[in-house]
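Report on the structure
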Amino acid sequence: MSASVVRSVLTIAGSDSSGGAGIQADLKAIAAHGCYGTSAITALTAQNTKGVQAIQPTPPTFVGQQIHSVLDDIETHAVKTGMLYDGNCIRAVVEAFITHYSASNLPPIICDPVCVSTSGHSLLVPAAVQVLVDELFPITTLITPNKSEAELLLSHRGVPSQIETIQDMVVASKSLLRYGSQAVLVKGGHVITSMQDVKNLSQNFPKLDFVYFGLPSNNMEILQVSGTLDPKLVADVLCDSENDETTVFVRPHITSTSTHGTGCTLSASIASLLARGSNLKEAVGEAVVYTYHAIQTAEPIGHGNGPLNHFHAVAPKLIPRASHTDPYPFVRLLIQRNSLEWKEYVEHDFVKLLGRGTLPRKAFIHFMIQDYHYLRYYARAYGLLAAKSSSFKTIGNATQTILNIIAEIETHKNFCASFGVSEEEFENTPEGAATTAYGAYLIDIGLQGDSTKLLMALLACLLGYGEVGLWLKKEAALQDSWVITDTNPYKRWMHDYSGDMYQGAVKLGLALIETRAAEDPPSPARLAEWVQVWERCTKFERGFWDAAMAAV
């Protein structure tokens with residue numbers, strides 16, 4: 001079939017009056033993946049983010065009529081089932097499929113065996129479990145039970161059903177595979193695990209395949225290096241009988257109340273991706289990432305468990321796209337949001353006096369010695385960035401920066417030696433309050449979970465000095481410039497920060513921060529945090545100049 005044909009996905013589920021789960025969540029997720037959604041409603045629910053208040057099931061014959069109406073007219077490339085309420089409804093669904101399709105041409109069917117709502121309300125009559133297992137599972141491509149649903153299904157056949165660990169999830173997925181579906185995805189959102197648990201699992205089950213999202217490869221000891229606690233993780237386990245492969249999808253745990261409809265969203269996303277031609281493993285992996293971002297970028301709605309942000313990938317961007325005329329839109333936004341502080345920093349009296357060559361020697365020496373102490377913090381912060389990095393390239397970049405800082409320290413010493421400052425004076429002069437405040441802030445940001453926020457703090461310094469160097473260079477090029485170059489005692493300092501080597505580092509920093517912002521678009525709240533970090537660091541840099549001037 002032509003790739004240009006619209007891919008259609010049928011969802012068979014209940015209606016959620018609050019719009020966060022069921023049919024409403026499914027149709028949003030389907031649309032977000034570029035597919036056309038059709039639906040058959042199995043029940044009406046009166047519910048909101050706080051719970052389910054009432055259920056009105058749809059007559060099974062009418063459920064079947066809805067399915068036939070869709071299948072008789074619209075080519076369907078994948079199906080997702082959610083809340084099916086009771087055995088008669090399940091039979092009506094199965095009968096519709098058998099009537100319309102032969103066993104060989106069934107589209108992929110994803111069954112989310114919805115039993116209990118997020119708020120704890122029963123959504124499946126207990127007697128219907130047997131019908132679900134005996135009649136629907138055998139024609140299903142994938143079932144996607146969460147912890148409680150998997151335990152219910154296992155206990156129905158007397159199989160050990162307690163799921164407390166990631167290893168229990170693997171065992172459960174293999175047991176559930178005997179229930180007739182081609183594959184099983186046991187969702188682990190309610191099973192908190194750790195990197196050590198994952199490592200133990202890989203040793204106990206060496207044939208497992210691990211897919212990490214938002215985490216480093218499993219051959220890096222990031223948290224041990226950074227000295228932070230082992231973070232909370234969650235994982236989903238996919239067991240596929242078709243290729244005899246079990247895959248564990250590992251990602252960070254998100255502390256959020258915006259989780260209403262998570263299972264609906266995930267299963268509808270998998271169905272959509274299968275409809276678009278992905279294989280099962282690819283579809284599950286992409287759907288896990290999509291759902292993760294949908295939770296992460298969700299804004300609070302309601303007074304209970306709010307809905308996900310289904311359109312995070314297609315909503316208007318907070319940060320404009322880069323273009324040939326504006327290759328650095330994110331940094332531009334940061335400067336514009338803090339334009340006054342930025343101007344006061346770049347055009348500080350310290351900088352102006354330095355450019356004129358009239359900066360008191362004592363102020364410059366104070367600055368250089370304090371910068372020496374500050375670079376110790378700066379190098380350690382890059383060590384934290386290396387620990388948070390998820391590829392050898394980014395680890396290498398952060399490590400190289402540390403080596404560059406160490407080399408810069410020698411430059412500091414040699415340069416200050418020309419001003420009569422000994423290495424002993426460098427070491428014995430205590431760090432000032434401004435230095436301690438700035439350095440402690442860097443380390444504090446580094447010990448928090450967001451590596452992009454740390455990058456923001458580090459690059460504020462790099463880019464700030466680059467801007468100061470270029471501003472002095474631009475002013476020096478003006479006719480009758482106030483900037484003195486030839487006889488300026490600080491000529492070397494100005495040349496270093498406006499020169500090709502440092503500006504090359506600035507370009508790399510610009511590219512890095514723009515790429516990070518584009519690949520991991522922030523929510524409004526997260527963007528506000530980034531802007532705040534940039535502003536704080538700009539003020540700290542200005543405070544450095546203030547302290548040097550006050551030392552005279």
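A short tour of the structure in this document, coming up.

What counts, and where the lines are drawn
- Residues numbered from 1 in each chain as written.
- Predicted model: local features only at pLDDT ≥ 70, side-chain atom pairs only at ≥ 80, totals over all residues.
- Heavy atoms only, no water.
- Helix = DSSP H or I, 4+ residues; strand = E, 2+ residues; numbered from the N terminus.
- Buried < 20%, exposed > 50% of the residue type's maximum accessible area, 1.4 Å probe, protein only.
- Contact = heavy atoms within 4.5 Å.
- Areas by Shrake-Rupley, 256 points an atom, 1.4 Å probe, with all protein chains shown as cover.
- Lys, Arg positive; Asp, Glu negative; His and termini not counted.
- Charge placed at Lys NZ, Arg CZ, Asp CG, Glu CD.
- Pairing = 2+ DSSP bridges.
- Axes fitted to C-alpha atoms, helices over the stretch in contact; angles between N-to-C directions.
- Core = buried A, V, L, I, M, F, W, Y, C linked by side-chain atoms within 4.5 Å.
- Phe/Tyr/Trp six-rings, centres within 6.5 Å; stacked < 30°, edge-to-face > 60°.
- Lys NZ or Arg CZ within 6 Å of the ring centre and 35° of its normal.

1. What about the overall build of the protein chain?
Across its full length, the protein chain holds 21 helices and 10 strands. Here the C-alpha coordinates of the protein chain stretch approximately 95 × 50 × 45 Å along the principal axes. By the burial criterion, 51% of the 552 residues in the protein chain qualify as buried. Within the protein chain, counting contacts between residues at least 6 apart in sequence, those at least 24 apart form 76% of the total. When the accessible area of the protein chain is evaluated, it comes to approximately 24,700 Å², of which 54% is carbon and sulfur surface. Averaging the locations of the 41 positively and 54 negatively charged side chains of the protein chain gives two centres separated by 4 Å.

2. Regarding the sheet that holds strand S5 (residues 109-111)
Strands sit in the order S3-S2-S1-S4-S5-S6-S7-S9-S10-S8 across an open sheet of 10 strands; the sheet is mixed. Of all the strands in the sheet, the pair left with one neighbour each is strand S3 (51-57) and strand S8 (209-212). Each of strand S1 (8-16), strand S2 (36-48) and strand S4 (78-81) touches helix H1 (residues 22-32); the most contacted strand, S1, lies at about 150° to it.

3. Things to note about the nonpolar core
Membership of the largest hydrophobic core comes to 74 residues, with the highest contact counts inside it found for Phe364, Phe367, Tyr378 and Trp493. Counting residues per element, this core draws most heavily on helix H14 (residues 361-388), which supplies 16 residues. With sequence-adjacent residues up to four places away left out, Tyr378 is seen in contact with Ile405, Leu442, Leu458, Cys461 and Leu462.

4. Let's talk about the packing of aromatic side chains
In total, this model carries 29 aromatic pairs according to the counting rule given. On the numbers, 5.7 Å between centres and 70° between planes, the contact of Tyr374 with Phe544 is edge-to-face. Of this pair, Tyr374 sits in helix H14 while Phe544 is found in helix H21 (residues 524-550), placing the two residues 170 residues apart along the sequence. Classification of Phe544 as buried rests on a relative accessible area of 4%. Ring centres of Tyr465 and Trp493 lie 6.2 Å apart, and the angle between their planes is 55°; on these two criteria the pair is classed as tilted. Within this pair, whereas Tyr465 is found in helix H18 (residues 451-477), its partner Trp493 is found in helix H19 (residues 491-498), the two being separated by 28 residues in sequence. The pair Tyr465 / Trp493 is uniform in exposure class, with both members buried. Directly above the aromatic system of Tyr179 lies the positively charged group of Arg157, at a separation of 4.3 Å from the ring centroid.

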